[in-house]
Amino acid sequence: MPYYRQVGDIPPKRHTQFRRPDGSLYTEELMGEEGFSFDSALLYHINPPTALTAIEPVETEVQELEGNHPLKPRHFRTHSLKPGGDPILGRHLMLANDDVRLSYVAAGQSSPLYKNAVGDEVAFIESGSGTLETSFGALEFEQGDYVVIPASTIHRWVIDEDVEDAFRAFVVESRGHIGPPRRYLSRNGQFLEHAPYCERELQGPREPLLAEGTDVEVLVRSRSGVTSFRYANHPFDVVGWDGCLYPYTFSIHDFEPITGRVHQPPPVHQTFEAPNVVICSFVPRLFDYHPDSIPAPYSHANVDSDEVLFYVDGNFMSRKGSGIEAGSISLHPGGHTHGPQPGSVEASIGAQGTEETAVMVDTFRPLDLGPGARDSEDDKYSWSWLEGR
Ligand SMILES: [Fe+2]
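Let me sum up the structure you'll find in this document. Note that the structure is predicted; figures quoted are calculated from it, not measured.

Cut-offs applied
- Per chain, residue numbering runs from 1 following the sequence as it is written.
- Local features in this predicted model are restricted to residues of pLDDT 70 or higher, and side-chain atom pairs are both shown and tallied only at a pLDDT of 80 or more, whereas totals for entire chains, interfaces and linings draw on every residue.
- Side-chain calculation: all heavy atoms of the structure are included, whereas hydrogens and water are not.
- The rule for donors is simple: an N, O or S atom within 2.8 Å of the metal counts, and for Na, K and Ca the reach is 3.2 Å. Water is not among the atoms, so a site may look short of donors.
- In short, tetrahedral needs four donors with all angles between 85 and 135 degrees, square planar needs four and octahedral six donors with opposite donors over 155 degrees apart and all other angles between 65 and 115, and whatever is left is irregular.
- Secondary structure elements follow DSSP: runs of H or I no shorter than four residues count as helices, runs of E no shorter than two count as strands, and numbering proceeds from the N terminus.
- Paired strands, as defined in this entry, are two strands with at least two bridges between them according to DSSP.
- Fitted lines through C-alpha atoms serve as axes, helices being fitted only where they are in contact, and the angles separating the N-to-C directions of these axes extend from 0 to 180 degrees.
- Exposure classes here rest on a 1.4 Å probe applied to the protein chains alone. A residue is buried below 20% of its type maximum, exposed above 50%, and partly exposed in between.
- Contacts are assigned to residue pairs that have any heavy atoms within 4.5 Å of one another.

A word on the coordination of the iron ion. Within the first shell, the iron ion binds the protein through His300 (NE2), Glu307 (OE), Glu307 (OE) and His338 (NE2), at distances of 2.1 to 2.3 Å. Around the iron ion, the four donor atoms sit at angles spanning 58 to 164°, and that spread fits a shape best called irregular. In the primary structure, the donors to the iron ion are separated according to the pattern H-x6-E-x30-H. Of this pair, His300 sits in strand 22 (residues 300-301) while His338 sits in strand 25 (residues 337-338), placing them 38 residues apart in sequence.

Another aspect to go through is the sheet that holds strand 18 (residues 248-251). Ordered by their spatial adjacency, seven strands build an open sheet running 18-12-9-14-7-6-28, and the pairing between neighbours is antiparallel. Pairing within the sheet leaves two strands with one partner each, and these edge strands are strand 18 and strand 28 (368-369). Bridge count for strand 9 (residues 121-127) against strand 14 (residues 167-174) is six bridges, and the pairing is antiparallel. Bridge pairing in strand 14 places Ser127 opposite Arg168.

Adjacent strands of a sheet pair through backbone hydrogen bonds, lying either parallel or antiparallel. Taking strand neighbours across the sheet as the criterion, the four strands line up as 1-17-3-2 in an open arrangement whose pairing is antiparallel. In the strand order of this sheet, the two ends are held by strand 1 (5-8) and strand 2 (27-32), each with one partner. Averaged over all neighbouring strand pairs, the angle between strand axes comes to 15°, with direction disregarded. Sheet analysis places strand 3 (residues 40-45) next to strand 17 (residues 238-243), joined by five bridges and oriented antiparallel. Each residue of the ladder has a partner; that of Leu43, found in strand 17, is Trp241.

Among the six residues in strand 20 (residues 277-282), six count as buried, and that is most of the element. Neither face of strand 20 is open: one carries Val277, Ile279 and Ser281, the other Val278, Cys280 and Phe282, and all of them are buried. Where strand 19 (residues 270-274) folds back on strand 20, the antiparallel hairpin that results is connected by two residues, among which Asn276 adopts a positive phi of roughly 65°. Bridge count between strand 20 and strand 27 (residues 357-363): six bridges; the pairing is antiparallel. Its bridge partner lying in strand 27, Ile279 is registered against Val361.

Attention shifts here to the environment of Gly108. You can see Gly108 is positioned in the loop between strand 7 (100-107) and strand 8 (114-116). Residue class for Gly108 comes out partly exposed when judged on its relative accessible area of 46%. Sequence separation between Gly108 and His15 is 93 residues, and the spatial gap between their C-alpha atoms is 43 Å. Apart from residues lying up to four places away in sequence, Gly108 is in contact with Gly84, Gly85, Ile159 and Glu161.

Set out below in C-alpha cells:
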C-alpha cells in the first residue's frame, strides 16, 4: 500500500509503553514485508497474538494441474461450475503457475477465519456483497470491488445471504505482493496525476473490530498445504494500528479509463501489479476518436505472456460469435495469435463507446489448467475465429 493510515488507539511513540485501562501492557505486533525493509504496520493487541493452543494439519482436496497441452486458446464458463461452500474453501482452481493461482467461487456461506501465508490476494467481486472482517477492522464490499488482502492478514469473509445476487468472485492469489503499478507512483509512493485512480478511491478499515473469544481456529495456507492454528485469544483483539500495510478495497467503477485517437494498448488498463503478473480493468469508455480509427483491437501475439480475461458485464463486442458470456474466462496463451472474432473489426468502426466491463490477468509465465478449467471448458472456442469469415 502506498500511503499511511491510522485506526483506533495507538501510543504517541512506537515501541513504548502502551497500557490497558487495568494498567497492563498492550502487546505490540509489527507486521512487515520483505524482512523489515518494505511496507509494515504496527498493531496493538489486548492479548499476545503469539499464544497457540493447538496446531493440526487440515486435509484439503488436492486440485491437480495439467499443462495447456496441446497448446490451445480456451474458454471456460464459470457459471456452469458447481456453486456452494464459502469464499475460501469453495474456490475452484482455474489456472495456475508458480507465480499465481486464479480461482472462481460462487459461495453460499461465510468463511472460517483464514490466513494466506503464501502471498497477497485480490478478489474481484462479480456479484453479491458483505464484509471482510480482519485484524485491521472491517471492509464492506459489493459488486465491482477489488478486495486486496495482504499476505498473513487474518480475515473472514462474511457474505450477505439475504440479498438477491449470490456471492461470486474471481480470485487472484499471488506468491508475492500486489500493489498499484510502480509507474503511477511518485518516488515517495503518492499516486501521480496520470494514474487512472488515486488514494481517495481506496477504502481501508475505519475502526477496530475488537472481537472477543478464546480458543479460536484460524486456517493458515502455506506452500505445504493448510494448517489449523488454535489461538488462545481472538486475533481480532486489536485496539489500534498504523502503517502502510493493510487490506483495502477499490471499485472497478472508480477506474478512469485512458483513451486516445487510436487504439490504446492493454497497459493503459493496468490496475495492479504483482511479481510476473499484471491485473487490468476494462471499463465502459469512449472509443478512439481519430476519423479513421478502428476501435476493435488488432490481432496480437502476446509473446511473453498468457492472457486471461474474466468477462463481467456488457456485450463483449470483440468476442461476437465466440460464445463468451458474463462469467466467462478466456485464456489466450503465449504462442497463439489472437484477436477480435470475424466481423467484429468492421462492425466496430464508427462505434462511439463500449459498456463492457472485464478484468484481465496477464502472467509472464505459462499457466496450467486446474480442475475448474477442465470442468467448465467450452471445447468449441479454439475454432471461433473461423466462424463468419
Ligand atoms: Fe488479447
